[in-house]
Amino acid sequence: MSTHIASRTREKPTGDEEVAQQLKLGEFANVPTLTLSEARLLINAVMSHRKTPPKSSEGDIFDKTSVYLDIFARFKAKENIEAVEQMLASRTELVYFERSQLGSLCCETAEEAKLLIPSLQDKIADEDLQDLLDNIMRLRVDEN
């Protein structure tokens, strides 16, 4: 008795997958973006410099955003946030969106980064990307 395993061929990427591979940001292509750590720093600065407390609905949004950023921001120290931004800004072959994703995701390997950010595939060599990721991870280890 023969066993025949039926398999399907993978369909070509469409929609979001295709956009991710080609990075079609439209009007937002050249708009500076923030890492989650930079956003955390900015939100905390705004909240500490406010003279009057925000309205209740606005305060709820700020509070929830602040909690989210406290959980998911990879860097807390301002010096490290600035150092990561400088490292990422030096990679001029990457667009703002890709840089902020690298700074927020903190991938361990070039393979992981290219899997999560498909538009990196043909933009940066694996060795160069791995060096960048290693330098970012060193800063992360310094915080812990």
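Residues numbered from 1 in each chain as written. Predicted model: local features only at pLDDT ≥ 70, side-chain atom pairs only at ≥ 80, totals over all residues. Heavy atoms only, no water.

K.L.:
Help me out: how do you make sense of the side chain of S37 in this one?
P.N.:
With respect to the secondary-structure elements, S37 resides in helix α2 (residues 36-49). Reaching out from S37, the side chain makes a polar contact with the backbone nitrogen of F75 at a distance of 2.9 Å. Look past the residues within four positions of S37 in its chain and what remains in contact with it is A73, R74, F75 and I81. (Helix = DSSP H or I, 4+ residues; strand = E, 2+ residues; numbered from the N terminus. Polar contact = N/O pair within 3.5 Å; in protein donor to acceptor, adjacent residues only side chain to side chain. Contact = heavy atoms within 4.5 Å.)

K.L.:
Can you help me understand the pattern of salt bridges in this one?
P.N.:
Once the charged atoms of two side chains with opposite charge are near each other, the side chains can pair. One pass over the structure, following the stated rule, counts five salt bridges. With its nearest N and O atoms 2.8 Å apart, the salt bridge here joins D70 to R40. Here D70 is found in helix α3 (residues 56-72), whereas its partner R40 is found in helix α2, with 30 residues between them in sequence. Owing to a relative accessible area of 16%, R40 belongs among the buried residues under this scheme. A salt bridge links K114 to D126, with the shortest nitrogen-to-oxygen separation between them at 2.6 Å. Here the residue K114 occupies a position in helix α6 (residues 110-116), and D126 occupies one in helix α7 (residues 126-143), the gap between them amounting to 12 residues. With relative accessibility at 8%, the residue K114 sits in the buried group. (Salt bridge = Lys/Arg side-chain N within 4 Å of Asp/Glu carboxyl O. Buried < 20%, exposed > 50% of the residue type's maximum accessible area, 1.4 Å probe, protein only.)

K.L.:
Honestly, α7 in this entry has me stumped. Any pointers?
P.N.:
In an α-helix, one full turn covers 3.6 residues, which means residues spaced three or four apart are oriented alike. Over its 18 residues, α7 runs 26 Å from end to end, which matches the ideal 26 Å to within 8%, given 1.5 Å per residue. On its buried side, α7 packs onto α4 (78-89), α5 (96-105) and α6. (Expected span 1.5 Å × (residues − 1).)

K.L.:
How should I be thinking about the environment of D126 in this particular structure?
P.N.:
You can call D126 partly exposed: its relative accessible area is 40%. Along the sequence, D126 and E111 sit 15 residues apart, while their C-alpha atoms lie 7.5 Å from each other. What D126 contacts, discounting residues up to four positions off in sequence, is A110 and K114. Of the polar contacts made by the side chain of D126, one reaches the side chain of K114; its length is 2.6 Å.

K.L.:
For this particular structure, what's the right way to read the packing of aromatic side chains?
P.N.:
Between two aromatic rings, the relevant description is the distance of the centres plus the angle of the planes. Within the structure shown, the criterion is met by one aromatic pair. When the ring of Y68 is compared with that of F72, the centres are 4.7 Å apart and the planes differ by 45°; the resulting orientation is tilted. A residue pair is termed a helical-turn pair when its members lie 3 or 4 positions apart in one helix, as Y68 and F72 do in helix α3 at four residues. (Phe/Tyr/Trp six-rings, centres within 6.5 Å; stacked < 30°, edge-to-face > 60°.)

K.L.:
Looking at this model, I keep getting lost on unusual backbone geometry. Mind explaining?
P.N.:
Keep in mind that most residues, glycine aside, have a negative phi and that most peptide bonds are trans. The backbone phi angle of C106 is positive, close to 50°, even though this residue is not glycine. Looking at the secondary structure, you find C106 in the loop between α5 and α6. A residue is classified by how much of its surface remains accessible, and C106, at 6% relative accessible area, is buried.

K.L.:
Whenever I open this one, the state of the cysteines confuses me. Can you help?
P.N.:
Disulfide: a covalent bond connecting the sulfur atoms of a pair of cysteines. Scanning the model with the defined rule gives zero disulfides in all. C106 takes part in no disulfide bond, and the closest cysteine sulfur to it belongs to C107, at a distance of 7.8 Å. Take C107: its relative accessible area is 2%, and that puts it in the buried class. (Disulfide = S-S within 2.5 Å.)

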